[in-house]
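Listed below are the residues making up each chain.
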Amino acid sequence: MQRLDFVPGQPARDLVFDANGHLTLDRDAALAVADDLVLPSAATHLYQPFLACLGPTDRVDVYFGATDPDPADAPAGRRRPLPSGELVGHTWAQFRGAGVTPTSRGASGTSGGDDAHTDLWEVGRATTPASDRQATRAFNALRDAIAAHRNLPAPLHIPVPAPGSSSSPTCALCEPGERHGSPPQQPLPQPSLPEGAPSPSRPPISRALSPSNLYFGSDVAWFFVDLSGSGGDDDNDADSVQPMQLTRPLHAIEALRLAALATLVLGRPPLVFAVRFAGAAARGRMPEGFIRAHYIDDERVAPTADRPLLVL
């Protein structure tokens, strides 16, 4: 596992803001992702599929944007402030192309008209986070990667909860509170989708890729993408025994690019998670446990020396 010592920092944050809420991935971008992110990973068997996932005229667009909550909104309103301070917004990905039929690869419904496209995935504040089952799998995979990087014996895994044993994930946003986050210091692209439950045509993806986590977690968190194809189906018991195939630690923008293209290759959105350590001394050291959060900059919860924040 490469780059287990890297610190994202301001350059990673600048990449997110400089994108101005929109990434376009063409065939050249897919070739670069295959070379830079897939070939060095544990999923080398996916290298050729990534090379072929986009034709010469195909492209994938990834959009993300956020705006401040409305304090005047109703307590159950879509734009109400959350105790975590997470902003209102969405991240979503769409495939556009003529030579490839993305629905044959598992992508969701297609919209017609002048802007024909296939929706790949979407995430917003109302997206249900991954279960504790998937969080435990992600944490075990993180520990395995750290052990391999440090030449340590393989660590014992935390037992993965049985399918359906956790009806809702344990996280900071489940706690009541009144504090809200500070307004952004830079203008953010405004979302063009209403806040609410994901569209039926847009499969959900990890909360790690929500706009607030991209903007305010990009400089402090590692992002990982699982290329095993196991996704987040809690009813699939095989997920608990199928090893994850993690990328190296990624910048937020790298994770966005890879997650979009991996959906075409795998036929479903991959599992993505973000990890925030307590500081340089804790980064890359073997953690004993983890703390869940929906929003990586939630001031009510913080990583400890042996328990990083996990967002997914």
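### Section: the packing of aromatic side chains
Per the stated rule, a full pass over the model turns up eight aromatic pairs. Relative to Trp92, the ring of Tyr63 lies with its centre 5.3 Å away and its plane at 25°, an arrangement referred to as stacked. With Tyr63 in strand S2 (residues 59–67) and Trp92 in strand S3 (residues 88–96), this pair connects stretches of sequence that are 29 residues apart. On the accessibility criterion, Trp92 (7% relative accessible area) is buried. Measuring from ring centre to ring centre gives 5.1 Å for Trp222 and Phe277, while their planes differ by 65°; the resulting arrangement is edge-to-face. Of this pair, Trp222 sits in strand S6 (residues 222–226) while Phe277 sits in the loop between strand S7 (271–276) and strand S8 (291–292), and the two are 55 residues apart along the sequence. Members of the aromatic cluster, connected to one another through ring pairs, are Phe17, Phe64, Tyr215 and Phe216.

### Some details on the nonpolar core
One finds Phe50, Val60, Trp121 and Leu209 to be the most contacted residues of the largest nonpolar core, which totals 57 residues. Of all the elements, helix H6 (residues 252–266) adds the most residues to this core, at ten residues. Setting aside residues no more than four positions away along its own chain, Val60 makes contact with Leu23, Thr24, Leu25, Leu54, Gln94, Phe95, Leu120, Ala260, Leu261 and Leu264. Grouped together as the second largest cluster of nonpolar side chains are 20 residues, Ala138, Ile146, Phe224 and Met286 included.

Analysis parameters
- Residues numbered from 1 in each chain as written.
- Predicted model: local features only at pLDDT ≥ 70, side-chain atom pairs only at ≥ 80, totals over all residues.
- Heavy atoms only, no water.
- Phe/Tyr/Trp six-rings, centres within 6.5 Å; stacked < 30°, edge-to-face > 60°.
- Helix = DSSP H or I, 4+ residues; strand = E, 2+ residues; numbered from the N terminus.
- Buried < 20%, exposed > 50% of the residue type's maximum accessible area, 1.4 Å probe, protein only.
- Core = buried A, V, L, I, M, F, W, Y, C linked by side-chain atoms within 4.5 Å.
- Contact = heavy atoms within 4.5 Å.

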